[in-house]
Structures are given as structure tokens and as C-alpha cells.
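So the chains spell out like this:
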Amino acid sequence: MKFNYIASVLALTVTCQQTITVTKTIDCSATPAPPANNGNGNTGNAVADNGNGKTNDVVVPPAKGDNNATGKTDNGNAGATAGNFIFSEDFENLTSTESPNFTIEKGNGAKASITKDAATGTQALQFELAGGDKAFLVPKKLPTGDFFFRMKYKANFPTAPDGAHWVNVQVSGGGSKELPRPIGGQLIGGTNRFGIGSDQGPTGDWTDHDANVLAKSNTFQCVEFEYAPSKDNSINFFLDGKAVLSTTTTKHSINSGNKNAPFILPKPDKIEIGWQQFQAGGQFTVVVDDIAIGTSRIGC
């Protein structure tokens, strides 16, 4: 290191493992400012030790909640802590759709891939399939009782025929024939409406939807639900962070299907997350991101 003083100007050259030249002009008559306090009794530094006795040239601290340093705040899991999670996937570290944490189940014509078109961060999971086909991510770790679910996703929702029915999440297990669908919906009168539904069980094939709770084509939306067998077998739906009380279902309150049969939620043996439209026709691209299952509400 060498110092050259010329007319109150300091030229500083630093040579490390890589050669870096930094030239700084300093007013020698000025009094240096004291180091800033970082709020914990210590003073902040321009560089930080990286654990091997060396310092980085520039250190930008991660945003609060950025747990995986990928640029996704909270791994896309706002409002939750690590202890709350049963399953969490933001797809940031994947190079393919193969993972030890989940499997992909799809029809013969469906395609699954990692895409850069993400809700947050830089990667998400994409399904491409035709009407009448299906493609689902299936987590390997499952809740044993009540749970909360959250994901961010977008799709080009159906435009025909009227009444077209699509499903994004369905839960099965416990030896029950009931197949609750906490996230899905139907095309009604030209608009796609979110709704809770079920199939195959005592309550029949039904979807309770609301004309004011709309699915927006090709726009990321945050969808959540609470699945609570211990709370009168209730399912509560949330859209973009807001509770949708009009679609809440309980053991004895469904607005369609066989109302005389109790709606009993099975203990999950399988949770399918993705897309299925039951009517043939049309091509669909569905992107899912920031999936989380936890013991308390996760939030958007």
C-alpha cells in the first residue's frame, strides 16, 4: 500500500487477491465524521467479515425477512415463522421439477417446468395443459389436523363453456370418499368466480361461489384457506389477504349439493395443488409460486 500526498489530495491504491484500484479525494482540513451507530450499541461498518478472515468489498444487508438471500422476502412466506411451516416451496433453488419435497402428478398431455415468470423472486412452477387434463404438485409432508394454506398463482381461466369448472387445490384421505376443494371455481355468465366445493362424497358434486369474488386471467393472485375439521369442519377462504366470508363452509352449511348430508372434512392423506378443468377444449398455462402449508395463518 502506498500513499501519495499532493495538494491535500490522497490517492489510495489497494491490492488484494484481485487487483482493485480505488481513488478517493479527501479534504484534509475537514474533521472526519464519527462512525454511525447501528442501533444496537455498535457502530456500522462499510464492510463485513465473511467468515474467513477477509472482508467483502460492498455489503448490502438483506431486507428484513429475506431468509434465503434469493431476493424473495420471507421465502414468499410473509407473516409466518419457520416453526409454523409444514411445507414450503418457492422454487428458487430448483433446476427442474424434481424435488425430494414433492412429486408432480399429471395427465399424459400436461407439461411441468420451472419458469422465470414468478410472483416473487425469479422462479416458479408452470403447468401447460389442455382442458380436461390435470397437473398437480403433491407435497410429501402433510398436516395431521387443522392447517392453513397459501399460494400465489395465475392462469388463463376458461372463456367457454358457461359453467366450466376448474380446481386448484383438493384434499383427500382418512378413508373418506369426500373430496373437498378449498380453491377452485366456475365460469358463470362470462366471469370466473372463486368458490369452495367438493365431489365424490355424501354431499355430492358442488361449488359454492360468489359473483363478487373473481379470478383474474393472467394476473397473480394470492389465495389462502383455513382447513379446520376441529372447528365445525369449516373451510375459510381468503383472496389477496382478505377473508371471503360468503364462501365459508361448515359441517351443516353448504349452499349447494346434498344439503342433507354433513360435510365432513377428511384427515389429509394427500393435497393436490395445481390445475384441473373438467371440460374439454382450450389450452391453459398455470403458474404457481410461494406455496406454504402451516399451523397458523401465513398471509400474502
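Residues numbered from 1 in each chain as written. Predicted model: local features only at pLDDT ≥ 70, side-chain atom pairs only at ≥ 80, totals over all residues. Heavy atoms only, no water.

Colleague: Could you give me a rundown of the side chain of Asp210, with the residues and numbers involved?
Modeller: Positionally, Asp210 belongs in strand E13 (residues 206-214). Buried and unpaired, Asp210 has no salt bridge, with Arg193 as the nearest side chain of opposite charge at 6.9 Å. In this structure the side chain of Asp210 is engaged in a polar contact, spanning 2.8 Å, whose partner is the backbone nitrogen of Asn212. With residues near it in sequence (within four places) discarded, Asp210 still touches Arg193, Phe194, Ser246 and Thr247. (Helix = DSSP H or I, 4+ residues; strand = E, 2+ residues; numbered from the N terminus. Buried < 20%, exposed > 50% of the residue type's maximum accessible area, 1.4 Å probe, protein only. Lys, Arg positive; Asp, Glu negative; His and termini not counted. Salt bridge = Lys/Arg side-chain N within 4 Å of Asp/Glu carboxyl O. Polar contact = N/O pair within 3.5 Å; in protein donor to acceptor, adjacent residues only side chain to side chain. Contact = heavy atoms within 4.5 Å.)

Colleague: Provide a residue-level description of the state of the cysteines, including the pertinent values.
Modeller: Tallied over the full model, the rule gives 1 disulfide. Between Cys222 and Cys300 runs a disulfide, and the two sulfur atoms are separated by 1.9 Å. Because the sign of the S-S torsion sets the handedness, a value of about -90 degrees for the bond joining Cys222 and Cys300 places this disulfide among the left-handed ones. Note that Cys222 is positioned in strand E14 (residues 221-228) and Cys300 in the segment after strand E18 (283-294), a separation of 78 residues in sequence. By relative accessible area, Cys222 is classed as buried at 6%. Judged by its relative accessible area of 38%, Cys300 falls in the partly exposed class. (Disulfide = S-S within 2.5 Å.)

Colleague: If you had to explain the sheet that holds strand E8 (residues 134-139) to someone new, which residues and values would you point to?
Modeller: Read from one edge of the open sheet, 7 strands run E5-E8-E17-E10-E11-E12-E13, paired in antiparallel fashion. Each having just a single partner strand, strand E5 (102-106) and E13 make up the two edges of the open sheet. In this sheet, neighbouring strand axes are inclined to one another by 20 degrees on average, regardless of whether the strands run parallel or antiparallel. The sheet contact formed by strand E12 (residues 191-198) and E13 spans 5 bridges and is antiparallel. Directly across from Ser198, in E13, lies its bridge partner Trp206. (Pairing = 2+ DSSP bridges. Axes fitted to C-alpha atoms, helices over the stretch in contact; angles between N-to-C directions.)

Colleague: Give a description of the confidence of the model for the protein that names residues and reports values.
Modeller: When pLDDT is averaged along the protein, the result is 80; 72% of the residues meet or exceed 70. Scored below 50 in pLDDT, residues 1-80 shows 86 contacts in the model against residues more than four places distant or in partner chains. (pLDDT = per-residue confidence, 0-100.)

Colleague: Account for unusual backbone geometry, naming residues and giving values.
Modeller: In this structure, the amide linkage connecting Ala160 to the following residue, Pro161, adopts the cis form with an omega of -10 degrees. In this structure, Asn233 takes a positive phi of about 55 degrees despite not being glycine. Relative to the helices and strands, Asn233 resides in the loop between E14 and strand E15 (234-239). Not every positive phi belongs to a glycine, and Asp290 is a case in point at roughly 50 degrees. Position of Asp290 among the secondary structure elements: in strand E18. With relative accessibility at 0%, the residue Asp290 sits in the buried group.

Colleague: Describe the environment of Asn218, with residues and values.
Modeller: Checked against the element boundaries, Asn218 lands in the loop between E13 and E14. C-alpha of Asn218 to C-alpha of Tyr153: the two residues are 65 residues apart in sequence and 9.0 Å apart in space. Excluding anything up to four places from it in sequence, Asn218 contacts Lys154, Ala155 and Asn156.

Colleague: How would you explain the nonpolar core if you had to name every residue and give the values?
Modeller: Of all hydrophobic cores here, the largest spans 44 residues; its most connected members are Phe149, Met151, Tyr153, Phe194, Phe237 and Ile291. If sequence neighbours within four positions are ignored, Tyr153 has contacts with Trp166, Asn168, Phe194, Thr219, Phe220, Gln221, Val223, Val286, Val287 and Val288. (Core = buried A, V, L, I, M, F, W, Y, C linked by side-chain atoms within 4.5 Å.)

Colleague: Break down the packing of aromatic side chains for me, with residues and values.
Modeller: Counting across every chain of the model gives 12 aromatic pairs. Centroid distance Trp166 to Trp275: 5.9 Å. Interplanar angle 5 degrees. Geometry classified as stacked. In this pair, Trp166 sits in strand E10 (residues 165-172) while Trp275 sits in strand E17 (residues 270-277), placing the two residues 109 residues apart along the sequence. Just as Trp166 is buried, Trp275 falls in that class too. When the centroid spacing of 5.5 Å and the interplanar angle of 40 degrees are considered together, the rings of Phe194 and Phe237 count as tilted. Highlighted residues: Phe194 in strand E12 and Phe237 in strand E15, separated in sequence by 43 residues. For Phe194, a relative accessible area of 1% gives the class buried. Taken together, the ring pairs in this structure connect Tyr153, Phe157, Trp166, Phe194, Phe237, Trp275 and Phe284 into an aromatic cluster. (Phe/Tyr/Trp six-rings, centres within 6.5 Å; stacked < 30°, edge-to-face > 60°.)

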